[in-house]
Amino acid sequence: MDHIETESIDLVRDKNYIDKYFSLTIKRELKIDIDVSNEYIAAQNIVSRKLILVKTFSEVVMGNPELYLLLVSLIHEVNTRPLTREQINSVLEKK
């Protein structure tokens, strides 16, 4: 039986990994090659004390409605369900 990696990503430690995942998804969906590393930060939710991604969108993202919506969706996906390294790996391997 194969070992399935179910380790959730660490939003601080795995930031570069998340950046690559977001950038590749944006490139596939919108045909836009963009560095998203400065478009969000990891911060602690005041109420739940959970680490979440918070948008810090630039004018480039704010000025492109499709890019804005996709990036909001990706951030929401990370914040609302546990994203595993295996899920990110499967996306990145399909380059």
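The notes below deal with the structure included here. Please read all numbers here as calculations on a predicted model, not as lab measurements.

1. Some thoughts on the nonpolar core
Consideration 1: The biggest cluster of nonpolar side chains holds 24 residues, and the ones touching the most others in it are F22, I26, L53 and L71.
Consideration 2: Going through the elements one at a time, α1 (15–30), α3 (65–80) and α4 (85–93) are the ones with two or more residues in this core.
Consideration 3: Those residues within four positions of L53 in sequence are excluded, and the remaining contacts are L11, I18, F22, Y40, I41, A42, I75, V78 and N79.

2. Here we look at the packing of α1 against α4
Consideration 1: The interhelical angle for the contact between α1 and α4, taken along N-to-C directions, is 45 degrees, at an axis separation of 10 Å. The orientation of α1 relative to α4 falls into the category oblique. When the axes of α1 and α4 are compared, the crossing they make is left-handed. Residue-level inspection shows Y17, K20, Y21, L24, T25 and R28 of α1 in contact with α4, the latter providing R85, I88, N89, V91 and L92.
Consideration 2: Tallied by class, residues from the contact of α1 with α4 come to 6 nonpolar, 2 polar and 3 charged.

Reading the values: the criteria
Residues numbered from 1 in each chain as written. Predicted model: local features only at pLDDT ≥ 70, side-chain atom pairs only at ≥ 80, totals over all residues. Heavy atoms only, no water. Core = buried A, V, L, I, M, F, W, Y, C linked by side-chain atoms within 4.5 Å. Buried < 20%, exposed > 50% of the residue type's maximum accessible area, 1.4 Å probe, protein only. Helix = DSSP H or I, 4+ residues; strand = E, 2+ residues; numbered from the N terminus. Contact = heavy atoms within 4.5 Å. Axes fitted to C-alpha atoms, helices over the stretch in contact; angles between N-to-C directions. Parallel < 35°, antiparallel > 145°, perpendicular 65-115°, else oblique. Left-handed = near helix turned anticlockwise from the far one by under 90°. Nonpolar A, V, L, I, M, F, W, Y, C, P; charged D, E, K, R; others polar.

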